Amino acid sequence: MRERKKARTRRAIADAAARLFAERGYEQVAVSDVAREAEVSDQTVYNYFQTKEQLVTDRDQQVQDELGRLIRTRAPGATPAAAIREFVLDSVEGIRRVPLEQWRGEIGYLAAISPTVHRLVLEMSDRQADAIATAIGETSTITPELARLQGIAIAGVFQILIDEAGRRTREGQSQDQIADELRPAIEAILDDLDRWFTPATK
């Protein structure tokens, strides 16, 4: 029960931050503003998010952990691209589920309008690539260099998803339009990666 309460508090803080970022932009929001919006103390915010930057990349570690788990537990003969396919496509569908008042406070749109957040996305992508490469290296016989390349490729799918969501939002597309148009494009990329990865698996 305590873990569920902590998860709810963390989610409430992240949602409050997204609403404020949507209203004012990333640079114009302080941690103290987020605390007031979430109706918690400043220290409570820092208990869950050590820096303001982590309020934007709040799902980074969760995504890394899940991608690693999916790759490590994939069925024999399945490629890493196939292993993460449903997770990626669910991320596309997740665009529809973000409350409208938070959408422009999510990482895609913020990265499109803020050089600071764009840098955070690139750093996050590097961390994801490393985590994915580690999982691939542990579960296949390919060289570390090729595992790294495959990690970069899979992380690149999420990079495209974030970039496109931001760009299309700036152009005035709705969340449903973005999800509808991105899904077939992402499916095609995953199909290509699956074909590329196939000879390199056990």
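Let me sum up the structure you'll find in this document.

What counts as what
Residues numbered from 1 in each chain as written. Predicted model: local features only at pLDDT ≥ 70, side-chain atom pairs only at ≥ 80, totals over all residues. Heavy atoms only, no water. Helix = DSSP H or I, 4+ residues; strand = E, 2+ residues; numbered from the N terminus. Buried < 20%, exposed > 50% of the residue type's maximum accessible area, 1.4 Å probe, protein only. Polar contact = N/O pair within 3.5 Å; in protein donor to acceptor, adjacent residues only side chain to side chain. Contact = heavy atoms within 4.5 Å. Salt bridge = Lys/Arg side-chain N within 4 Å of Asp/Glu carboxyl O.

Turning our eyes to something else, we now look at the environment of Thr198. Within the fold, Thr198 resides in the segment after α12 (175–197). Here Thr198 falls in the partly exposed class, since its relative accessible area comes to 43%. As for Thr198 and Ala82, which are separated by 116 residues in sequence, their C-alpha atoms are 9.6 Å apart. Reaching out from Thr198, the side chain makes a polar contact with the backbone oxygen of Asp194 at a distance of 2.6 Å.

Bringing the side chain of Gln64 into the picture now. Along the polypeptide, Gln64 turns up in helix α5 (residues 60–72). Setting aside anything within four residues of it in sequence, one finds Gln64 in contact with Arg127, Gln128 and Ala131.

By secondary structure assignment, the location of Gln150 is in helix α11 (residues 144–170). Residue class for Gln150 comes out buried when judged on its relative accessible area of 2%. Separated by 13 residues in the primary sequence, Gln150 and Gly137 have C-alpha atoms spaced 9.9 Å apart.

In this section: the pattern of salt bridges. Once their charged atoms are close, side chains differing in charge can pair, the charge on each being opposite to the other. All chains considered together, the criterion is met by 24 salt bridges. A salt bridge links Arg19 to Glu37, with the nearest nitrogen and oxygen atoms 3.1 Å apart. Taken as a pair, Arg19 in helix α1 (residues 2–24) and Glu37 in helix α2 (residues 31–38) lie far apart in primary sequence, 18 residues in all. Here Glu37 falls in the partly exposed class, since its relative accessible area comes to 33%. Residues Arg168 and Glu164 are paired through a salt bridge, measuring 2.9 Å at the closest nitrogen-oxygen approach. Taken together, the residues Arg168 and Glu164, both in helix α11 and four residues apart, mark about one turn of the helix. Each member of the pair, Arg168 together with Glu164, is buried.

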